[in-house]
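# Inside the fold
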Amino acid sequence: MPLHHPMPDPVAFSLGPLHVHWYGIMYLVAFAQFLALGRLRIKQPHIAAEGWKAEDLDDMLFFGVLGVVLGGRLGEILLYNPSYYFSNPLEMIAVWKGGMSFHGGFVGVLIAMSLWARKRGKKLMNVMDFIAPLVPLGYAAGRIGNFINAELPGRAADPSLPWAMIWPGIDYPVHPSPLYQALVDGVLLFIVMWLFARKPRPTTAVSGLFSLGYGCARSFTEFFRVPDYTVHFAGLPITAGQLWSLPMIVLGIVLLVVAYRKQPVAA
């Protein structure tokens with residue numbers, strides 16, 4: 001017998017007229033884990049040797065939050081559902097309802113980190129190599145927020161699947177796709193990234209592995225999610241998430257090739 005989505009109240013608690021949503025709390029969790037993991041990463045000998053300090057994290061987080069929120073929201077509006085948002089412009093600012101694009105946030109963070117790197121006199125790719133292992137668990141927290149909001153429903157699932165779930169507004173069992181993405185694109189990718197980044201790697205290698213790993217993971221988990229829209233290439237259907245993950249896969253391969261051709265042995 002399929003499970004039923006628990007449908008928790010999206011509002012965690014209220015302070016007078018102010019309603020605090022679980023989706024927003026998940027973003028706070030994401031930023032908190034960035035700081036906590038960042039402090040652990042700074043203690044790694046090869047990272048400490050590069051001169052990273054705990055105070056860098058706080059300053060970097062401010063820029064990162066702007067990149068994630070502005071880039072994520074603009075990405076959702078422009079890449080995934082422009083017709084809806086331009087028909088309902090007030091919905092553009094309703095971020096508490098969900099609707100944040102990872103791919104837009106990725107570009108937003110690149111821009112934000114380039115500004116931070118210029119400010120602090122660091123090279124952008126060194127900054128991206130540092131933060132790459134800190135990202136996946138934050139992404140997982142965001143997907144749990146999507147699950148609480150009953151967003152991103154999955155495709156139809158075999159009722160005999162132990163975790164098939166009746167989703168709000170859908171009267172047949174589906175895959176709980178936000179949980180798949182939290183586990184695969186988030187937790188699994190974090191484990192791979194953290195283990196890889198524990199040792200010195202050539203510049204751009206850690207960033208390259210993240211870009212390639214996320215692009216591949218997202219392309220896989222998209223098979224279980226109702227797509228935002230689908231395009232066709234050579235007669236094959238490609239979901240929006242897979243379409244926007246393709247540049248990340250290509251970028252990841254390029255960065256890894258550049259890393260190991262120029263610096264076959266890390267300093």
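Keep in mind that this is a model prediction, so the values were computed, not measured.

Moving on, we come to the overall build of the chain. Across its full length, the chain holds 10 helices and seven strands. What you see for the chain is a C-alpha radius of gyration of 19 Å, in line with the 18 Å of a compact globule of 267 residues. By principal-axis analysis of the C-alpha atoms, the chain measures approximately 55 × 55 × 35 Å. Burial statistics for the chain: of 267 residues in total, 48% are counted as buried. Summarising the internal contacts of the chain: among those between residues at least 6 apart in sequence, 67% fall at separations of at least 24. Accessible surface, the chain: about 13600 Å² in total, of which carbon and sulfur atoms supply 72%.

Now for the packing of aromatic side chains. The tally for this structure, following the rule as stated, stands at 17 aromatic pairs. Ring geometry for Phe-147 and Trp-167: centres 5.7 Å apart, planes at 70 degrees, overall edge-to-face. Of this pair, Phe-147 sits in helix α7 (residues 136–148) while Trp-167 sits in the loop between β4 (165–166) and β5 (173–174), and the two are 20 residues apart along the sequence. Exposure remark for Phe-147: the relative accessible area of 11% places this residue in the buried category. Overall, Trp-167 belongs to the buried group, its relative accessible area being 2%. Between the aromatic rings of Phe-210 and Tyr-214, the centroid separation amounts to 6.4 Å while the plane-to-plane angle is 20 degrees, which identifies the pairing as stacked. One end of the pair, Phe-210, and the other, Tyr-214, are both in helix α9 (residues 205–221), four residues apart, so they sit about a helical turn from each other. In this structure Tyr-214 comes out as buried when scored by relative accessible area, which is 1%. Joined through ring pairs, the aromatic side chains of Phe-102, Phe-106, Tyr-139, Phe-210 and Tyr-214 make up one cluster. Directly above the aromatic system of Trp-52 lies the positively charged group of Lys-122, at a separation of 4.3 Å from the ring centroid.

What follows covers the nonpolar core. If you look at the biggest cluster of nonpolar residues, it comprises 25 residues, and the most contacted ones within it are Phe-34, Trp-52, Met-60, Met-113, Phe-130 and Ile-131. At the level of elements, α1 (22–42), α3 (54–80), α5 (102–120), α6 (124–131) and α8 (177–197) are the ones that each hand at least two residues to this core. The element that contributes the greatest number of residues to this core is α1, accounting for six residues. In terms of nonpolar packing, the next biggest core, distinct from the first, is built from 16 residues, Phe-196, Ala-197, Leu-256 and Ala-259 among them.

This part takes up the sheet that holds β4. Two pairing modes exist for strands in a sheet, parallel and antiparallel, and in both the strands are linked by backbone hydrogen bonds. A sheet is described by the order of its strands in space; here three strands give the open sequence β1-β4-β5, paired in mixed fashion. Pairing within the sheet leaves two strands with one partner each, and these edge strands are β1 (3–4) and β5. One ladder, built from two bridges, connects β4 with β5; its direction is antiparallel. Considered in β5, the bridge of Ile-166 is made with Pro-173.

Next up on the list: the pairing of strand β3 (residues 18–21). Of the strand pairs in this sheet, strand β2 (residues 11–15) and β3 are connected by four bridges, and their pairing is antiparallel. Bridging across to β3, Leu-15 finds its partner in Leu-18. Between β2 and β3, which pair antiparallel in sequence order, lie two residues; one of them, Gly-16, sits at a positive phi of approximately 65 degrees.

What follows concerns the packing of α1 against α8. For the pair α1 and α8, the least separation of the axes is 12 Å and the interaxial angle reads 25 degrees. By the criterion of interaxial angle, the relationship of α1 to α8 is roughly parallel. Handedness of the α1/α8 crossing: right-handed. From α1, Leu-37, Leu-40 and Arg-41 reach across to α8, where they touch Phe-190, Trp-194 and Ala-197. Here the contact of α1 with α8 is composed, by residue class, of five nonpolar, no polar and one charged.

It is worth spelling out the packing of α5 against α9 at this point. Their axes nearest at 13 Å, the elements α5 and α9 cross at an angle of 170 degrees. Considering their axes alone, α5 and α9 lie roughly antiparallel with respect to each other. Contacts between α5 and α9 involve Phe-102, His-103 and Phe-106 from the first element and Phe-210, Ser-211, Tyr-214 and Arg-218 from the second. Among the residues forming the contact of α5 with α9, the class breakdown is four nonpolar, two polar and one charged.

Definitions and cut-offs
Residues numbered from 1 in each chain as written. Predicted model: local features only at pLDDT ≥ 70, side-chain atom pairs only at ≥ 80, totals over all residues. Heavy atoms only, no water. Helix = DSSP H or I, 4+ residues; strand = E, 2+ residues; numbered from the N terminus. Rg over C-alpha atoms; globule rule 2.2 N^0.38 Å. Buried < 20%, exposed > 50% of the residue type's maximum accessible area, 1.4 Å probe, protein only. Contact = heavy atoms within 4.5 Å. Areas by Shrake-Rupley, 256 points an atom, 1.4 Å probe, with all protein chains shown as cover. Phe/Tyr/Trp six-rings, centres within 6.5 Å; stacked < 30°, edge-to-face > 60°. Lys NZ or Arg CZ within 6 Å of the ring centre and 35° of its normal. Core = buried A, V, L, I, M, F, W, Y, C linked by side-chain atoms within 4.5 Å. Pairing = 2+ DSSP bridges. Axes fitted to C-alpha atoms, helices over the stretch in contact; angles between N-to-C directions. Parallel < 35°, antiparallel > 145°, perpendicular 65-115°, else oblique. Left-handed = near helix turned anticlockwise from the far one by under 90°. Nonpolar A, V, L, I, M, F, W, Y, C, P; charged D, E, K, R; others polar.

That's the geometry; what it means functionally is another story.
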